[in-house]
Amino acid sequence: MGYGKELEQFDEKLGRFLNRMNQEDLLMVTADHGNDPTFRGTDHTREMAPLLMYSPSMKASGRLEDQETFGVTGATIAENFGVKMPEGTIGKSLLCRLL
């Protein structure tokens, strides 16, 4: 019961948040790891972490192919704020595919 209630509260607050976003805003929702729903227990498993992105200025939508690294998240954030990625880091920004 508690988990379902939390999801409802998140949905309601997310709706209010989306209504207040400006054209230049970027919302990214992710997790630090994925979990195999068939695995009994709470340990990290082989599943990939989800990444949902939204901006009122997005020109594209839909599912992107799986990425090789979670590093795309940091690279996308860096590009969004105009920050250069340190040399040798992995992951390429996904912004060009969305905006």
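In case you missed it, the structure is sitting above this.
Because the structure is predicted, anything quoted here is derived from the model rather than measured.

Engineer: Hey, could you run me through the overall build of the protein in this one?
Structural biologist: Scanning the protein from N- to C-terminus turns up two helices and two strands. If you list the helices and strands of the protein from N to C, you get α-β-β-α. The C-alpha radius of gyration of the protein comes to 16 Å, more than 25% above the 13 Å expected for a compact globule of 99 residues. With the principal axes as the frame, the protein shows a C-alpha extent of 40 × 35 × 20 Å. Taken across its 99 residues, the protein has 17% of its residues classed as buried. With an accessible surface of roughly 8,100 Å², the protein has 55% of that area assigned to carbon and sulfur atoms.

Engineer: What exactly am I supposed to notice about the pattern of salt bridges here?
Structural biologist: A side chain of one charge can pair with a side chain of the opposite charge when the charged atoms of the two come close. On inspection of all chains with the given rule, the structure shows three salt bridges. Across the pair R63 and D66 runs a salt bridge whose closest N-O atoms are separated by 2.9 Å. Looking at R63, the relative accessible area reads 69%, which means it is exposed. Accessibility expressed as a relative area gives 47% for D66, which makes it partly exposed.

Rules behind the numbers
Residues numbered from 1 in each chain as written. Predicted model: local features only at pLDDT ≥ 70, side-chain atom pairs only at ≥ 80, totals over all residues. Heavy atoms only, no water. Helix = DSSP H or I, 4+ residues; strand = E, 2+ residues; numbered from the N terminus. Rg over C-alpha atoms; globule rule 2.2 N^0.38 Å. Buried < 20%, exposed > 50% of the residue type's maximum accessible area, 1.4 Å probe, protein only. Areas by Shrake-Rupley, 256 points an atom, 1.4 Å probe, with all protein chains shown as cover. Salt bridge = Lys/Arg side-chain N within 4 Å of Asp/Glu carboxyl O.

It is worth stressing that arrangement in space is one thing and function is another; only the former is reported here.
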